[in-house]
Amino acid sequence: MNQLPTPSTGPQRRALMTGLLAALATAGLAGPAQAQAWPARPIRLVVGYSAGGGVDAMARLLAPRLSELLGQQVVVENRTGAAGLIAGDTVARAAPDGYTLMLGDSSLLIAQHLQPRMSFDPLKAFTPVASVFTLPLIIVTSNDFPAKTPAEFVKLLKEQPGRYSFATSGVGTVHHLGFEMLKGQTRSFVVHIPYRGAAQIVPDVMSGQVPIGVVSAASAIAQARAGKLRALALMNPVKLAGAEDVPALSDALPGFSAVPRLYVLAPTGTPAPIVERLSDAIRQVMAAPDIAQVAAQQGAVPAYLAAGPMAAELPRESAAWGKVIREQKISNQ
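The rules behind these values
Residues numbered from 1 in each chain as written. Predicted model: local features only at pLDDT ≥ 70, side-chain atom pairs only at ≥ 80, totals over all residues. Heavy atoms only, no water. Helix = DSSP H or I, 4+ residues; strand = E, 2+ residues; numbered from the N terminus. Buried < 20%, exposed > 50% of the residue type's maximum accessible area, 1.4 Å probe, protein only. Contact = heavy atoms within 4.5 Å. Areas by Shrake-Rupley, 256 points an atom, 1.4 Å probe, with all protein chains shown as cover. Axes fitted to C-alpha atoms, helices over the stretch in contact; angles between N-to-C directions. Parallel < 35°, antiparallel > 145°, perpendicular 65-115°, else oblique. Left-handed = near helix turned anticlockwise from the far one by under 90°. Pairing = 2+ DSSP bridges. Core = buried A, V, L, I, M, F, W, Y, C linked by side-chain atoms within 4.5 Å. Expected span 1.5 Å × (residues − 1).

K.L.:
So what exactly am I meant to see when it comes to the overall build of the protein here?
P.N.:
Scanning the protein from terminus to terminus reveals 12 helices and 11 strands. Within the protein, the fraction of its 333 residues that count as buried is 50%. Of all intrachain contacts in the protein linking residues separated by at least 6 positions in sequence, the fraction that spans at least 24 positions is 77%. Summing over all exposed atoms, the protein offers an accessible surface of approximately 15,800 Å²; the carbon and sulfur share of this is 55%.

K.L.:
Would you mind showing me how to read the packing of helix 3 (residues 54–70) against helix 10 (residues 272–286) here?
P.N.:
Geometry of a packed helix pair, given as the angle between the helix axes and the separation of the axes. Helix 10 packs onto helix 3 with a crossing angle of 120° between their chain directions and a minimal axis gap of 10 Å. Taken as axis vectors, helix 3 and helix 10 run oblique relative to one another. For helix 3 against helix 10, the interelement crossing comes out right-handed. In this structure, helix 3 contributes Leu62, Arg65, Leu66, Leu69 and Leu70 to the contact, and helix 10 contributes Arg277, Leu278, Ala281, Ile282, Gln284, Val285 and Met286.

K.L.:
Is there a simple way to think about the pairing of strand 6 (residues 165–168) in this case?
P.N.:
On a regular strand, one side chain projects to one face of the sheet and the next to the other, so that they alternate. Neither face of strand 6 is open: one carries Ser165 and Ala167, the other Phe166 and Thr168, and all of them are buried. Where strand 6 lies against strand 7 (residues 191–194), four bridges are found, and the strand directions are parallel. Across the sheet, residue Ala167 finds its bridge partner in strand 7, namely Ile193. By the bridge criterion, two bridges tie strand 6 to strand 8 (residues 212–216) in an arrangement that is parallel. When the bridges of strand 8 are listed, Ala167 appears paired with Gly213.

K.L.:
Looking at this model, I keep getting lost on the nonpolar core. Mind explaining?
P.N.:
Core analysis: the biggest nonpolar cluster contains 37 residues, and Met58, Leu103, Val132 and Phe133 have the highest contact counts within it. The set of elements that each furnish at least two residues to this core consists of strand 1 (43–47), helix 3, strand 2 (74–78), strand 3 (100–105), strand 4 (126–134), strand 10 (261–267), helix 10 and helix 11 (291–296). Here this core takes nine residues from helix 3, the largest share from any one element. By size, the runner-up hydrophobic cluster in this structure holds 31 residues, among which are Leu177, Val214, Leu253 and Phe256.

K.L.:
Could you clarify how one ought to interpret unusual backbone geometry in this entry?
P.N.:
When glycine is set aside, most residues are seen to have a negative phi, and most peptide bonds are trans. Here Trp38 and Pro39 are connected by a cis peptide whose omega angle stands at 0°. The topology assignment puts Pro39 in the loop between helix 2 (31–37) and strand 1. Phi at Ala83 takes a positive value of approximately 55°, unusual for a residue other than glycine. Since its relative accessible area comes to 49%, Ala83 is described here as partly exposed. Within the chain, Arg187 stands out as a residue other than glycine whose phi angle is a positive 55°. Tracing the backbone through its elements, the reader meets Arg187 in the loop between helix 7 (174–186) and strand 7.

K.L.:
Help me understand helix 12 (residues 307–327) in this model?
P.N.:
The periodicity of an α-helix, 3.6 residues per turn, causes residues three or four places apart in sequence to face the same way. When the terminal C-alpha atoms of helix 12 are compared, their 31 Å separation across 21 residues agrees well with the 30 Å that a helix rising 1.5 Å per residue should span. Three or more residues of helix 12 are buried, namely Ala307, Met310, Leu314, Glu317, Ser318, Trp321, Gly322, Val324 and Ile325. Contact partners of the buried residues in helix 12: helix 5 (107–114), strand 4, helix 7, strand 10, helix 10 and strand 11 (301–305). Once helix 12 finishes, Lys329 follows within two positions and takes phi at roughly 55°, a positive value.

This is the structure in structure tokens:
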């Protein structure tokens, strides 16, 4: 029986071991060992929005809890600009070693239908790790707006095309596309008024400057409870803790759901054992008894999906936003 020759010198042995390790890595057989050693240093969790916003708040809710479970600090890093695309490009280009992650949102999937020259494809540049939260949107009106329920609202839009306008935080945002989805399903015509951000929408709705606004639930619930405006309908059927009395638009349009989703992403090529360990750690965080209550303070709802189901969900979500953009002829040009 033939045997491999045994190297007789130190350099020969080192060369053979180097070759064997390279072959194992190429074959993907070094993954479990790599995952066992991971994490050996702090992990970056990149966020595409400034500190203090809803996505950033959720990242800072997750980070310390993941740090405790993983035994290494998870550091939130804000890379702002271009509706999350700068952060997305940063993570897409990072080494796929489990030390750079992104807390992304649905705007990445929307952007690929509106930004033909994006530097990355969100469905190819990332390995899904886990879905974590949704950030429910809410339709708000002034207190004297004629419709008081989702059914009355839908009926009004159908019967009086072109009479009303709605404000959102910009063209191509989830807020905008969610209402465009509503327009498509009801075959109604409502004029869009894009604002530079959400800060002025609620005051303008309260004053009657604009009749309808689409904002995050966190931006409006306090004013609604104070009686300063009407929280007319949630744009997804899942109730928000602390706002259980706000009806869902699906009460009038069965199956309707338009909601931003937050998910943890890693660069494509991140070893499966690392992704699995990350996903399981996130699952444990999301299962904490207090997580829903803490998240609700920022208008968020826990919505955990493991890596596998999330990988199947992202293309469906992307296709749904793409359909709205095409059918409603949305352009950010």
